[in-house]
Amino acid sequence: MTKYLLLLFIVMAQGQNHAAFDGPYIFINGNKLVEKKIINNKVISKTLETSSYDTIYYSEKSTFHKVSKIAALSDIHGQFDLLIRLLQNNKIIDKSLNWSFEEGHLVIVGDIFDRGDKVNEILWFIYELEAQAKSKGGRVHYLLGNHEYMVLYGDLRYIHEKYNKSSKLLNLEYDELYSNNTILGRWLRSKATIVKINDIIFTHAGISKDFIAYENFNIEKINNKMRQSIPRLKELRKLRRSGKSNNFYDMYFGKNSLIWYRGYFEEQLTDSDILKILKLVDADHIVVGHTSNEKVVQLYNNKIIGVDSSIKKGEYGELVFIKDKRFSRATLNGELIELK
């Protein structure tokens, strides 16, 4: 276990007092790294060796083949404790929080940020788990959802009160804690919004007919455009809110975008509509989060899988487990129930 995770367990043991603890936030200041933690409502700073963390993060490819097993979940929203129970009980990680899913791929289909009070803890946990998985021949894919992008463009309506306090203590706006001048901020900016594994596409909200019609559907190009847009997001959003039309912003960040669309659940789409979408994106299934349910659900004869199982409430959650083209709900206690 790393020193960070050991500190995390100590903080968790504080019970209700944990709100006085936060961090670490690691800032890139010229040729040095500055780590800031909040302990007992006081900011503790120290300089780190520049070799302590990578400061350059390269985006990975967006398409993967011949993956033997996949697990996916979404909309964690700061619920660290529940996430750990779910992953441990389903043998994705062991009791020491180490990767135990072998060559499998774990997909987090967006929305670690907002609502809950252990967002930063989850981010560091996933940061470390990602490296562990890769060293074992597996992968962790953390896709950006609407709440990641909301924080990146400064929409802070849904952050937990804990983070308002942290921001004041650190004398920074919350989104600045994940700016391009921080380790986690640079790491986030390397992430994808959509990936394809075997014949399955994963993205936070869904793929609408309007999005496909906007331009030729190419996953690598879409991810590159989303990443490249991040430095301009605040400006683009400001223009859009002032009433000035912006087709790119509307399509990539509007109601029919990959991160906001709810059509599979709220529109009266037919099986034929879904099959047309799947043909255009060259996939057999699409896995999404964003629209909350009480458990993992399937729609349109397992063509659409919804993995937002309301983890955000902090009470219950599920994964979808995919192996040999069979889809199963993986419950909180580790039971597998085939989706039908």
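Residues numbered from 1 in each chain as written. Predicted model: local features only at pLDDT ≥ 70, side-chain atom pairs only at ≥ 80, totals over all residues. Heavy atoms only, no water.

S.K.: Please clarify how the packing of aromatic side chains should be interpreted in this entry.
M.R.: The geometry of an aromatic ring pair is captured by the separation of the ring centres together with the interplanar angle, meaning the angle of the planes. Counted according to the given criterion, the structure contains 20 aromatic pairs. Residues Phe248 and Phe253 carry aromatic rings whose centres are separated by 6.4 Å and whose planes lie at 65 degrees to one another, so their mutual orientation is edge-to-face. Residue Phe248 is classed as buried on the basis of its relative accessible area, which comes to 16%. Three or more aromatic residues joined by ring pairs make a cluster, and in this case those are Tyr149, Phe211, Tyr214, Phe248, Tyr249, Tyr252 and Phe253. The residue whose ring lies beneath Lys36 is Phe27, and the NZ or CZ to ring-centre distance is 5.6 Å. (Phe/Tyr/Trp six-rings, centres within 6.5 Å; stacked < 30°, edge-to-face > 60°. Buried < 20%, exposed > 50% of the residue type's maximum accessible area, 1.4 Å probe, protein only. Lys NZ or Arg CZ within 6 Å of the ring centre and 35° of its normal.)

S.K.: When you look at the sheet that holds strand β15 (residues 336-338) in this model, what are you seeing that I'm missing?
M.R.: Picture the strands of a sheet paired through backbone hydrogen bonds; they go either parallel or antiparallel. If you walk across this open sheet you meet the six strands as β7-β6-β5-β13-β14-β15, and the pairing is mixed. Looking at which strands have only one partner, the edges of the open sheet turn out to be β7 (139-142) and β15. Direction aside, neighbouring strands of the sheet carry axes that sit 25 degrees apart on average. Examined bridge by bridge, strand β6 (residues 105-108) and β7 share four bridges and lie parallel to one another. Residue Leu106 lies in a different strand from β7, and its bridge partner there is Val140. (Pairing = 2+ DSSP bridges. Helix = DSSP H or I, 4+ residues; strand = E, 2+ residues; numbered from the N terminus. Axes fitted to C-alpha atoms, helices over the stretch in contact; angles between N-to-C directions.)

S.K.: What exactly am I supposed to notice about the sheet that holds strand β1 (residues 22-29) here?
M.R.: Spatially, three strands are ordered β1-β2-β3 in an open sheet, and the strand pairing comes out antiparallel. Edge positions in the open sheet fall to β1 and β3 (42-48), since each of these has one partner strand only. Between one strand axis and the next, the sheet turns through 20 degrees on average, direction left out of account. Where strand β2 (residues 32-39) meets β3, seven bridges bridge the pair, whose relative direction is antiparallel. Opposite Ile38, over in β3, you have Val43 as the bridge partner. Helix α5 (residues 161-170) contacts β1, β2 and β3 of the sheet and is inclined by roughly 45 degrees relative to β1. (Contact = heavy atoms within 4.5 Å.)

S.K.: Help me out: how do you make sense of the environment of Glu49 in this one?
M.R.: Of note, Glu49 is situated in the loop between β3 and β4 (63-64). By relative accessible area, Glu49 is classed as exposed at 59%. Counting along the chain gives 15 residues from Glu49 to Val34, while the straight-line C-alpha distance between them is 9.0 Å.

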